[in-house]
Structures are given as structure tokens and as C-alpha cells.
Amino acid sequence: MRYVTTFDVSIIHFLNQFSQFDPAFDRFVGDVANSPLLNGGLFMAYFWWQWFTVDKDTLSRRRSILVYIAGALLAVAVSRFLQDVLPFHTRPLDTPSLDFVLPAGVNPDTLSGWNSFPSDHATLFFALTTAVWYQSRRLGILAALWTFFVICVPRVYLGYHYPSDIIGGAVLGIA
């Protein structure tokens, strides 16, 4: 566990050194993290495109899409269950010993009282990424990069999650 803590703290401190350096950048990262279009919109568009593409595999693909979405929802339910039963893990922005510098525009009460492990966002979007991967390796790689850099890294930068929260959510979502 100490290795995970050292790992988490080193990444948090690395990212946090940029906090408040440029308040416009901090707000931009917050906007990216909270944007429904950037978070789920592209995945929704992809699955709608797959759903309405008509060819000889339409029925099979639609069944697969329903299974993928059901699996992603199940993964999120398991994530929420784990957050309720596992020991409470505070978020970086709520951990005084980190000396975390709150990025501009972040409400310090954001997600206060919620267990941070595992990350629901990482669980959901890595589950959806896995579904995309099964349909297209090339698009799956792009989806994984998008999920990591646009959905997960901003949540670490803003102090919502530790890297291990993201990794735990990713493992759960992929599984």
C-alpha cells in the first residue's frame, strides 16, 4: 500500500505544481472535466452511428451494443457498491497533508463526503472504451487515449481523484 501512496502523491504533486500558475488553464481543465459533450458525447455519437449503420451485421452489432452498454452500467453499479463498502478514501482536494493547491474555479466542497476509490468516470469510460476496442482496434486506441487524457487526467489535476482511483476504475471498467 505504501508504494501506491508514494505513486499517488508523486503524481499529484507533479500535476499540482501547475495549479494556480494560470487560472485560465485551471478553468479550462475544469471545463473539460465537466463537459458532457467531451465526456460522454463522443461515445454516444459513436454508439448511435454503430446502431444506425445498416448492413448484413446490423442485428448482431445492435445486440453487442446493448451488451456493452449493460456491461458498462453494471461496472458503474459495482463501482458505486465498492465506494460504499470499502474503507473511505478521501480525495486529494480534501487531504490536508498533501498541501494541495486548489486549481482556480474548483469548489473545495466538490464531491465532499464521497469515497474516491474507484473512480466512477474511469470505470464507465474504460468500459465504453473496451466496447469500442472490440469493434475496432484503431478506434479503441483512440478511445483509450481520449479517456485517459480528456476524462481521467483532468480529474487528477483538479484533485477529484488519486491516480490509483483512476487505475482501479479502469481495471473495473475493462473487466
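The preceding data block contains the structure.
Residues numbered from 1 in each chain as written. Predicted model: local features only at pLDDT ≥ 70, side-chain atom pairs only at ≥ 80, totals over all residues. Heavy atoms only, no water.

Student: Looking at this structure, I do not really get the overall build of the protein chain. What am I missing?
Tutor: The helix and strand tally for the protein chain stands at seven helices and zero strands. Counting helices and strands in the order they occur from the N terminus, the protein chain gives α-α-α-α-α-α-α. Against the globule reference of 16 Å for 175 residues, the protein chain gives a C-alpha radius of gyration of 17 Å, in line with a compact fold. With 175 residues in all, the protein chain has 42% of them scored as buried. The contacts of the protein chain with a sequence gap of at least 6 include a subset with a gap of at least 24, amounting to 79%. (Helix = DSSP H or I, 4+ residues; strand = E, 2+ residues; numbered from the N terminus. Rg over C-alpha atoms; globule rule 2.2 N^0.38 Å. Buried < 20%, exposed > 50% of the residue type's maximum accessible area, 1.4 Å probe, protein only. Contact = heavy atoms within 4.5 Å.)

Student: Got a minute to help me understand the layout of surface pockets in this structure?
Tutor: Any space left empty among the atoms is revealed by the rolling of a water-sized probe across them. Here the largest pocket is characterised by a volume of approximately 360 Å³. Lining the largest pocket we find 14 residues, and of these Phe43, Met44, Phe47, Ile69 and Leu128 sit closest to its centre. Looking at the lining of the largest pocket, the elements with two or more residues in it are helix 3 (36-52), helix 4 (58-85) and helix 5 (120-135). If one sorts the elements of the lining of the largest pocket by residue count, helix 3 sits on top with six residues. Taken together, the residues of the lining of the largest pocket break down into 13 nonpolar, one polar and no charged. (1 Å grid on protein atoms, 1.4 Å probe; cavity = no way out; pocket = protein on both sides within 12 Å on 5 of 7 lines; lining within 4 Å. Points joined across faces, edges and corners; volume = space filled by probe spheres on them. Nonpolar A, V, L, I, M, F, W, Y, C, P; charged D, E, K, R; others polar.)

Student: When you look at the nonpolar core in this model, what are you seeing that I'm missing?
Tutor: Note that soluble globular proteins tend to have their nonpolar side chains buried in a common cluster. Judged by nonpolar contacts, the single largest core of 31 residues is most densely connected at Ile12, Phe43, Phe47, Leu128, Val132, Cys152 and Leu158. Listing elements by their share of this core, those giving two or more residues are helix 1 (2-16), helix 2 (23-33), helix 3, helix 4, helix 5, helix 6 (137-157) and helix 7 (163-174). Sorting elements by how many residues they give to this core places helix 5 first, with seven residues. Dropping the residues within four chain positions of it, Ile12 is found in contact with Pro92, Leu98, Phe100, Val156, His161, Tyr162 and Pro163. (Core = buried A, V, L, I, M, F, W, Y, C linked by side-chain atoms within 4.5 Å.)

Student: It is not clear to me how the packing of aromatic side chains should be interpreted in this structure. Could you clarify?
Tutor: For any pair of aromatic rings, geometry is given as the distance between the ring centres together with the angle between the planes. Counted by the stated rule, this structure contains eight aromatic pairs. Relative to Tyr134, the ring of Tyr68 lies with its centre 6.4 Å away and its plane at 10°, an arrangement referred to as stacked. Of this pair, Tyr68 sits in helix 4 while Tyr134 sits in helix 5, placing them 66 residues apart in sequence. Seen from their ring centres, Phe148 and Phe149 are 4.8 Å apart, and the 85° between their planes marks the pair as edge-to-face. By relative accessible area, Phe149 is classed as exposed at 52%. (Phe/Tyr/Trp six-rings, centres within 6.5 Å; stacked < 30°, edge-to-face > 60°.)

Student: Even after reading the chapter, I still don't get unusual backbone geometry, so can you show me in this structure?
Tutor: For the bond running from Phe117 to Pro118, omega is -10°, close enough to zero to count as cis. Note on placement: Pro118 falls in the loop between helix 4 and helix 5. Even without being a glycine, Gln20 presents a positive backbone phi close to 70°. Relative to the helices and strands, Gln20 is located in the loop between helix 1 and helix 2.

Student: Can you walk me through the environment of Ser10 in this structure?
Tutor: Summarising the element assignment, Ser10 is placed in helix 1. For the pair Ser10 and Gly168, spaced 158 residues apart in sequence, the C-alpha separation works out to 17 Å. From its side chain, Ser10 meets the backbone oxygen of Phe7 in a polar contact 2.9 Å long. (Polar contact = N/O pair within 3.5 Å; in protein donor to acceptor, adjacent residues only side chain to side chain.)

Read these as spatial facts, not as claims about activity.
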